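What the coordinates show
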There are 2 protein chains.
Amino acid sequence: MTKNPAATAPAPRRNLAREVVLSLRQEIISGKLRPGAPLSEPVLSRQFAFSRAPIREALIELEREGLVQFETTGRTRVRTLAETDFDEIVEARMALESMGARRACARWTAKDTAWIERNIAAEAKASTLPELSRLDIELHEYVMRRCGNQRLLALWQSIRWQFEMCLALTHRSQQKLAFKPRSITVKAHRRLLAALASGKLEIAAQTMSAHIEESLEWSPAETPAEDAKTRAKAEGVA
Amino acid sequence: MTKNPAATAPAPRRNLAREVVLSLRQEIISGKLRPGAPLSEPVLSRQFAFSRAPIREALIELEREGLVQFETTGRTRVRTLAETDFDEIVEARMALESMGARRACARWTAKDTAWIERNIAAEAKASTLPELSRLDIELHEYVMRRCGNQRLLALWQSIRWQFEMCLALTHRSQQKLAFKPRSITVKAHRRLLAALASGKLEIAAQTMSAHIEESLEWSPAETPAEDAKTRAKAEGVA
DNA sequence: GGCGGATAAGTTGTCGACACTACACCTCAA
DNA sequence: TTGAGGTGTAGTGTCGACAACTTATCCGCC
């Protein structure tokens, strides 16, 4: 979407670390860094030409976001996802976003409706699956920002990247946008908008919950889990 | 309660940092470190006799837990809480725990019922408000552990300490246990147990949500927000 | 030829040091 | 007395280095 009125601004602190976080996060989400790929501090330190301190902080941040895992041995890897992980994340989103929708509904204005309508219009014109996914996530983020509960938003953001990582892993095989997902998404978001603008809190919460749950249906059945072969390959690359 | 079967075990990594986290978290939650108190890395470094590196990591972890805030200037303080913060946290708990109860309900066993019953029995004998609070939180943690969704549990744990911090701040004035909260808590938890053991997912979720919401009622009306005077005093102490 | 052990490389956890910045205090002038 | 400016102090962000540990490699032995 164009511009998010409640755009993220703060946290100018931890600068080099922030740079590393943004870069690595992008590489993980885009799939350039595959699950299981090792993330060694000295290697990253050389790549970024930073000392190990900011690298280390960045890895801690990424671990917090669920994109990276510290093994018991101390080694760090891009997080590997099991079959159940996508379900877990969707379920967590249902919990957070249904409450978020309830609160956002209570504070809904015409401006919010206009923003969502613009987003939906962009979705209807989306030509690739990643683009559609991006618009979809931005819509959901908008609702969470509008809910007015900073904790709820923070919790949502802390699993957001895991969700995007799952999406990217499942999208890699099917880059072409099928007709179905787009029309389904647009339709579902129209229903969601109607619920949010209706002023009925329970309806908004339930519609959001149902919408997120049904996103599992047209999501690929293939599991994002990586088998040993893929992982070995990823290690070789990185 | 006695022993939690799904006790936390992992993360032996980042050892000194972990020690600092546990220590500082305890001091913040217990109220020894008041909101607004400065947390300078060199000072803590001297106190713990560690280098600044583990201290720094610990502060990042505590910031993640919401107990500590980084100011735009870079300074670090014990987080100050506004009037709305307690509501925000309770609302987030409602979102997470109602979903947690739904899932736990689906996997409920007689052993779980027995554990909760022991907890409730201990609550009925609790003699202080902090003790009752501890048992209360342990019960809720048990349900979240039993829900089987690691993400949901992780999200819950990431706001747990904020909740305990709020509790401690509001409890400081009323150390003596009034008759009412204890009987109310025990009664509510009996209802909750019945719902969880009933096998009816929606009932379990709604009961949990209502239970958490009503905890706002007998919670102190006084806000945990710190005024300038208290904050200045806290700075002087630390 | 296969296996065990010693050796080498690589990685993490921790440490002390330095530059830059923000803040507090103190001095000086109006 | 009050305000402005300069100075000193404290704190953060970053860096390179070292010890302990884990993993991989290679050699010797069976």
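Residues numbered from 1 in each chain as written. Chains lettered and ligands numbered in written order. Predicted model: local features only at pLDDT ≥ 70, side-chain atom pairs only at ≥ 80, totals over all residues. Heavy atoms only, no water.

**Topic: the overall build of chain A**
Spelled out, the test is: Secondary structure is summarised from DSSP: a helix means a run of H or I of at least four residues, a strand means a run of E of at least two, and numbering begins at the N terminus for each. Only protein chains enter the accessibility calculation, which uses a 1.4 Å probe; a residue whose area is less than 20% of its type maximum is buried, one above 50% is exposed, and one in between is partly exposed. Note on areas: these come from Shrake-Rupley sampling with a 1.4 Å probe, and a residue is covered only by the protein chains present in the view.
Helices and strands together make up the secondary structure of chain A, namely 10 helices and 2 strands. In chain A, the succession of α and β elements from N to C terminus is α-α-α-β-β-α-α-α-α-α-α-α. Sorting the 238 residues of chain A into buried and exposed places 50% on the buried side. Total accessible area on chain A is roughly 11,400 Å²; 54% of this is exposed by carbon and sulfur atoms.

**Some thoughts on the interface of chain B and chain A**
How we decide: Whether two residues touch is decided by their heavy atoms; if any such pair falls within 4.5 Å, the residues are in contact. What counts as a salt bridge is simple: a side-chain nitrogen of Lys or Arg found within 4 Å of a carboxyl oxygen of Asp or Glu. The term polar contact refers here to a pair of N or O atoms within 3.5 Å; inside protein, the definition further demands a hydrogen-donor-capable atom paired with an acceptor-capable atom, and it admits residues adjacent in sequence only when both atoms are side-chain atoms.
At the interface, 32 residues of chain B touch 32 residues of chain A. Here A:E91 ties to B:R103 by a salt bridge, and the two come within 2.6 Å at their closest N and O atoms. Counting across the chain B and chain A interface gives 16 residue pairs in polar contact (both at pLDDT 80 or more). When residues of the side of chain B that touches chain A are traced back to their parent elements, those giving at least two are α3 (52-64), α4 (83-106) and α7 (150-171) of chain B.

**A closer look at the layout of surface pockets**
Which entries qualify depends on this criterion: The rule is simple: put a 1 Å grid over the protein atoms alone, call a set of points where a 1.4 Å probe fits but cannot get out a cavity, call an open set with protein on both sides within 12 Å along at least five of seven lines a pocket, and count a residue as lining if it has an atom within 4 Å of a point. Grid points are joined across faces, edges and corners, and a volume is the space filled by probe spheres set on the points. Residue polarity follows a fixed list, in which Ala, Val, Leu, Ile, Met, Phe, Trp, Tyr, Cys and Pro are nonpolar, Asp, Glu, Lys and Arg are charged, and the others, Gly among them, are polar.
Approximately 600 Å³ is the volume attributed to the second largest pocket. Contributing to the lining of the second largest pocket are 24 residues, with A:S98, A:R102, A:E202, A:A205 and B:S98 lying nearest its centre. Ranked by the residues each element gives to the lining of the second largest pocket, the list is headed by α4(B), at 8 residues. Looking at the lining of the second largest pocket residue by residue, the class counts come to 10 nonpolar, 6 polar and 8 charged.

**Considering the relation of the copies chain B and chain A**
Heads up, the rule is: Fitting of the copies onto one another was done by least squares over C-alpha atoms, counting residues only where both copies have pLDDT of at least 70.
Turning chain B through 180° and shifting it by 0.0 Å along the axis lays it on chain A, with an RMSD of 0.0 Å. Between the two chains, the operation in question is that of a two-fold axis. Looking at the rotation axis and the C-alpha trace of chain B, the residue lying nearest is B:A95, at 2.6 Å. Here 100% of the interface residues in chain B have copies in chain A that are interface residues too; the copies meet face to matching face.

**A closer look at empty space enclosed by the protein**
Residue and element names in this part refer to chain B. The full count for this structure, using the stated rule, is 3 cavities of 30 Å³ or more. Of all the secondary-structure elements, those providing two or more residues to the lining of the second largest cavity are α4, α6 (129-146) and α7. A per-class count over the lining of the second largest cavity returns 5 nonpolar, 1 polar and 2 charged.

**Here's the deal with the packing of aromatic side chains**
Keep this limit in mind: Aromatic pairs are defined between Phe, Tyr and Trp rings, using the six-membered ring for Trp, whenever the two ring centres lie within 6.5 Å; interplanar angles under 30 degrees are classed as stacked, those over 60 as edge-to-face, and all others as tilted. For a ring to carry a charge above it, either NZ of a lysine or CZ of an arginine must fall within 6 Å of the ring centroid while also lying within 35 degrees of the normal to the ring plane.
Counted according to the given criterion, the structure contains 6 aromatic pairs over all chains. Considering the side-chain rings of A:W115 and A:Y142, the 4.1 Å spacing of their centres and the 10° angle between planes classify their relative orientation as stacked. Of this pair, A:W115 sits in helix α5 (residues 110-124) while A:Y142 sits in helix α6 (residues 129-146), and the two are 27 residues apart along the sequence. Note on accessibility: A:W115 and A:Y142 belong to one class, buried. In this structure, B:R93 packs its charged tip against the face of B:F163, placed 4.3 Å from the ring centre.

**Remarks on the pattern of salt bridges**
According to the stated counting rule, one finds 33 salt bridges over all chains in the structure shown. Measuring nitrogen to oxygen at the nearest pair gives 2.9 Å for the salt bridge that ties A:R52 to A:E41. Taken together, the positions of A:R52 in helix α3 (residues 52-64) and A:E41 in helix α2 (residues 41-48) put the pair 11 residues apart, joining distant regions of the chain. Given the relative accessible area of 44%, A:R52 is considered partly exposed. Note that B:D85 is salt-bridged to A:R151, the shortest N-O span being 2.7 Å. Taken together, the residues B:D85 in helix α4 and A:R151 in helix α7 (residues 150-171) connect one chain to another. Residue B:D85 shares its accessibility class with A:R151, and that shared class is buried.

**Regarding the nonpolar core**
Short version of the rule: The criterion is simple. A nonpolar core is a set of buried Ala, Val, Leu, Ile, Met, Phe, Trp, Tyr and Cys residues joined through side-chain atoms within 4.5 Å.
Within the largest apolar cluster, 116 residues are counted, with the highest numbers of intra-cluster contacts made by A:L96 and B:L96. In this structure, B:L96 is in contact with A:L96, A:L155, B:M144, B:L152, B:L155, B:W156 and B:I159, ignoring residues within four places of it in sequence.

**Description of the packing of helix α4 (residues 83-106) of chain A against α6(A)**
All names here are of chain A. Cut-off, in case you're wondering: Axis geometry follows a simple rule: fit a line to the C-alpha atoms, using only the stretch in contact for helices, then measure angles between N-to-C directions, giving values from 0 to 180 degrees. Should an angle lie under 35 degrees it is considered roughly parallel, over 145 roughly antiparallel, and from 65 to 115 roughly perpendicular; all remaining angles are considered oblique. Whether a crossing is left-handed or right-handed is set by the direction in which the near helix is turned from the far one by less than a right angle, anticlockwise for left-handed and clockwise for right-handed.
Where α4 contacts α6, the two axes come as close as 8 Å, and the packing angle between them is 60°. In terms of orientation, α4 and α6 fall into the oblique class. As α4 packs across α6, the resulting crossing turns out to be left-handed. Within the contact between the two elements, α4 uses R93, L96, E97, G100, A101 and A104 and α6 uses H140, V143, M144 and R146. Looking at the contact of α4 with α6 residue by residue, the class counts come to 5 nonpolar, 2 polar and 3 charged.

**Here's the deal with unusual backbone geometry**
At A:A49, a residue that is not glycine, the phi angle is positive and equals roughly 60°. When its relative accessible area of 65% is taken as the criterion, A:A49 is described as exposed.

**What to know about helix α1 (residues 15-30) of chain B**
Residues and elements named next belong to chain B. Put simply, the test is: Every helix has an expected span of 1.5 Å times one less than the residues it contains. When we speak of the arc, we mean the arc of directions from the helix axis to the C-beta atoms.
The first and last C-alpha atoms of α1 sit 22 Å apart over 16 residues, in line with the 22 Å expected at 1.5 Å per residue. All of the buried residues in α1 are A17, V20, V21, L24, R25, I28 and I29. Within α1, the buried residues cover an arc of 145° as seen down the axis, which keeps them to one side. What points out from α1, more than 90 degrees from its buried face, is the exposed set N15 and Q26. Backbone geometry just after α1 places G31 at a positive phi near 95°.

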